[in-house]
Amino acid sequence: MNINSYDCLLIVDFGSQVTQLIARRLRELDVYCEIHPYQNVNEHLLSQLSPKAIILSGGPDSVTRDGSPRAHPVIFDIGVPLLGICYGQQVMMQQLGGEVKSGVGTAEFGKAFVERKNSSDLLKGWFLDQKEQVWMSHGDHVSSIAPGFEVFGFSPNAPYAIIGDTNRRFYAVQFHPEVHHTPNGQTLFENFISIADIEQNWTMEAYREVAIKKIREEVGSKKVICGLSGGVDSSVAAVLIHEAIGDQLTCVFVDHGLLRQGEAEEVVTMFKENYNIPLIHADESKIFLKELEGQSDPETKRKIIGRLFIDVFQKYANKIENAEFLAQGTLYPDVIESVSFKGGPSVTIKSHHNVGGLPETMGLKLLEPLRELFKDEVRALGRELKLPESFIGRHPFPGPGLAIRCPGNITRDKLEILRKADAVYIDQIRKHGLYNEIWQAFVAILPVRTVGVMGDGRTYDYACTLRAVTSVDGMTADYYPFSHEFLGETATRLINEVEGINRVTYDITSKPPGTIEWE
Ligand code: XMP
């Protein structure tokens, strides 16, 4: 069994900021799906994936503009069910003989209510309360539908809010069923899956077996080294690979000098106590910190760290006979981002070192057994592999470590202050029983000093900011609503216990528009 043994649903990405949410909704329904930028969807990809259904995502362009994105025409001929969403609906109509208009009066943004016009299998469980709340976000609108289509639902501003051609099993909606402002959107996806007769069998129990077989096939008798960061992703990847190939795997834990307080000891102890995996603890902090000296641009920092990681892995790989693979805990959101950045419609926000920050040439082949998974799926797989709960429940920690929590120049002094501040903050969160409620929390040290007064003396020290967010997979996030008492108590502790900090702020930005990390 391999990934192709699952029924696959293909999502054609036209660049919407919420395309990944479509994948999330489907994964929640235990459906295996892949997102591909529209330019990459051609006969070759379709024969590789053999999708049982296709969803066309939304996108920022206008189909009325010359040269705007189109779906490869072959997707309309292969006989699988289609669902067009927003731009995806408009592209379908334009390509199948309908009409789309732009201009004054066609745009609609925000909450709207759709009413039933005709019944359809796509709408089982819909309209029980007469009207359904949906989320609209479109500049253009469909002004005439393609031959063979009929109207199932309409709203005051969208006469073709839900349309379909039941014979061909082509459906299209003007709104976004993937966002939670369309409360019944998941039912619509469920109905579409059932129309496409897709088996809902994408569970981590099944995935584990598939992944182990795939790793064995790919690696053969060669050796693998795995970069351990102490985070959940690389730990799960290491344990999974170890299950597959045993002592053909060596783990390298790179201490780049950008780790949190006590982190190196914690990770090494956890691996040594629980697993019999050969583990090299490489202290390479000098070289990392030296090369980062004087660098303040976020992308430059990421690229330097990515390059040095590879140099270090290569160095250790050279010492292991037959080492051909470098294993990493790359996740699906990183993959999508890196695919988009190589020519997809959406823009790159950051080069995650797992993917974007790697050098063009490298002597090792990449082994990335988690590249189809979202973060919460990795945690589920970790539980499946019986990793200690204390590890699975850890907040995510980025590969570039404290470097991206230290905007501006990185110095050893600042890193030391940051480590101490972070330890106090996390201790506060644990003491108040909030650790598991929060998806990720950390301190960032700001590149600014402020004047303060302590006792009778003047201080001129760094300001820091506290970050804490809730999230499902890090793709979107809300800031955590700490009580004022908690924030006040934490600020007092930080200023009293951490020399070098004299001002504390709390970051109340959600993602989007912010990102979780500061760089
Ligand atoms: P952002 O800041 O992009 O972060 O909202 C989303 C999640 O990804 C983590 N992150 C990284 N993880 N390598 C990683 O392994 C990276 O380069 C990287 N950059 C950000 C971040 O901590 C958050 O959990």
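What you see is a predicted model; the values in this text were computed from it and never measured. (Residues numbered from 1 in each chain as written. Predicted model: local features only at pLDDT ≥ 70, side-chain atom pairs only at ≥ 80, totals over all residues. Heavy atoms only, no water.)

Some words on the overall build of the chain
Thought 1: A tally of regular secondary structure across the chain gives 14 helices and 20 strands.
Thought 2: Here the C-alpha radius of gyration of the chain, 25 Å, is about what a compact globule of 519 residues would show, namely 24 Å.
Thought 3: With the C-alpha coordinates of the chain rotated into their principal frame, the extents come out at 75 × 65 × 40 Å.
Thought 4: Within the chain, the fraction of its 519 residues that count as buried is 58%. (Helix = DSSP H or I, 4+ residues; strand = E, 2+ residues; numbered from the N terminus. Rg over C-alpha atoms; globule rule 2.2 N^0.38 Å. Buried < 20%, exposed > 50% of the residue type's maximum accessible area, 1.4 Å probe, protein only.)

As for the sheet that holds strand β11 (residues 170-173)
Thought 1: Spatial strand order, β2-β1-β3-β4-β11-β10-β9-β6-β7: nine strands in an open sheet with mixed pairing. Looking along the sheet, the strands with just one partner apiece sit at the ends: β2 (32-37) and β7 (131-138). Neighbour-to-neighbour, the strand axes of the sheet open up by a mean angle of 25°, direction not taken into account.
Thought 2: As paired elements, strand β1 (residues 8-13) and strand β3 (residues 53-56) share four bridges and run parallel to each other. Counted as the bridge partner of I11 is I55 from β3.
Thought 3: Contacting β3, β4 (82-85), β7, β10 (158-165) and β11, helix α3 (residues 87-96) crosses the sheet at an angle of about 115° to β4.
Thought 4: Helix α4 (residues 185-195) contacts β1, β3, β4 and β11 of the sheet and is inclined by roughly 155° relative to β4. (Pairing = 2+ DSSP bridges. Axes fitted to C-alpha atoms, helices over the stretch in contact; angles between N-to-C directions. Contact = heavy atoms within 4.5 Å.)

Section: the pairing of strand β15 (residues 323-327)
Thought 1: Most of β15 sits inside the fold, with four of its five residues counted as buried.
Thought 2: Looking at chain direction, strand β12 (residues 223-228) and β15 are connected through four bridges and run parallel. What sits directly across from C226, in β15, is A327.
Thought 3: Pairing of β15 with strand β16 (residues 365-367) involves three bridges; the strand directions are parallel. When the bridges of β16 are listed, L326 appears paired with L366.

Structural notes on the domain arrangement of the chain
Thought 1: The domains assigned to the chain are domain 1 (3-195), domain 2 (204-392) and domain 3 (411-506).
Thought 2: Here domain 1 and domain 2 have C-alpha centroids that lie 36 Å from each other. (Domains from an automatic or database assignment.)

Some details on the environment of I198
Thought 1: Positionally, I198 belongs in the loop between α4 and α5 (204-219).
Thought 2: You can call I198 buried: its relative accessible area is 6%.

Thoughts on the sheet that holds strand β14 (residues 279-283)
Thought 1: Taken in spatial order, the five strands of this open sheet run β14-β13-β12-β15-β16, and their pairing is parallel. Where the open sheet ends on each side, the last strands, each with one partner, are β14 and β16. Pairwise comparison of adjacent strand axes, ignoring direction, gives a mean angle of 30° for this sheet.
Thought 2: On top of the sheet, helix α7 (residues 263-274) reaches β12, β13 (249-255) and β14; it is set at about 170° to β14, its chief contact.

Observations regarding α5
Thought 1: Over its 16 residues, α5 extends 22 Å from the first C-alpha to the last, a length consistent with the 22 Å expected when each residue adds 1.5 Å.
Thought 2: Looking at α5, one finds that the buried residues are M204, Y207, R208, V210, A211, I212, I215 and V219.
Thought 3: Looking at the buried side of α5, the elements it contacts are β12, α6 (232-245), β15, β16 and α11 (375-384).
Thought 4: Of the residues trailing α5, G220 is marked for its positive phi of about 60°. (Expected span 1.5 Å × (residues − 1).)

Topic: the pattern of salt bridges
Thought 1: If you walk through the whole model with that rule in mind, you get 28 salt bridges.
Thought 2: A salt bridge links R24 to D376, with the shortest nitrogen-to-oxygen separation between them at 2.8 Å. Here R24 is found in helix α1 (residues 19-28), whereas its partner D376 is found in helix α11, with 352 residues between them in sequence.
Thought 3: The exposure class assigned to D376 is partly exposed, which follows from its relative accessible area of 27%. (Salt bridge = Lys/Arg side-chain N within 4 Å of Asp/Glu carboxyl O.)

Considering unusual backbone geometry
Generally, phi is negative for residues other than glycine and the peptide bonds are trans, each holding for most cases.
Thought 1: Across the junction of K511 and P512, the peptide omega takes the value -20°, indicating a cis bond.
Thought 2: Positionally, P512 belongs in the segment after β20 (501-506).
Thought 3: Of note, the amide linkage connecting P512 to P513 takes the cis form, showing an omega dihedral of 15°.
Thought 4: Take P513: it is sitting in the segment after β20.
Thought 5: If you check the backbone angles, Q130 has positive phi at about 70° while not being a glycine.
Thought 6: Looking at the element boundaries, Q130 is found in the loop between β6 (108-116) and β7.

With respect to the packing of α1 against α4
Thought 1: For the pair α1 and α4, the least separation of the axes is 10 Å and the interaxial angle reads 70°. Classified by the interaxial angle, the pair formed by α1 and α4 is roughly perpendicular. When you trace α1 past α4, the crossing you get is right-handed. Touching I22, R25, L26 and E28 of α1 are Q186, F189 and I193, all from α4.
Thought 2: Its residues assigned to classes, the contact of α1 with α4 comprises four nonpolar, one polar and two charged. (Parallel < 35°, antiparallel > 145°, perpendicular 65-115°, else oblique. Left-handed = near helix turned anticlockwise from the far one by under 90°. Nonpolar A, V, L, I, M, F, W, Y, C, P; charged D, E, K, R; others polar.)

Some remarks on the side chain of S57
Thought 1: Its place among the elements puts S57 in the loop between β3 and β4.
Thought 2: A relative accessible area of 0% places S57 in the buried class.
Thought 3: A distance of 2.8 Å separates a polar atom in the side chain of S57 from the backbone nitrogen of F14.
Thought 4: Setting aside residues no more than four positions away along its own chain, S57 makes contact with V12, D13, F14, G15, S16, T19, I22, I85, Y87 and G88. (Polar contact = N/O pair within 3.5 Å; in protein donor to acceptor, adjacent residues only side chain to side chain.)

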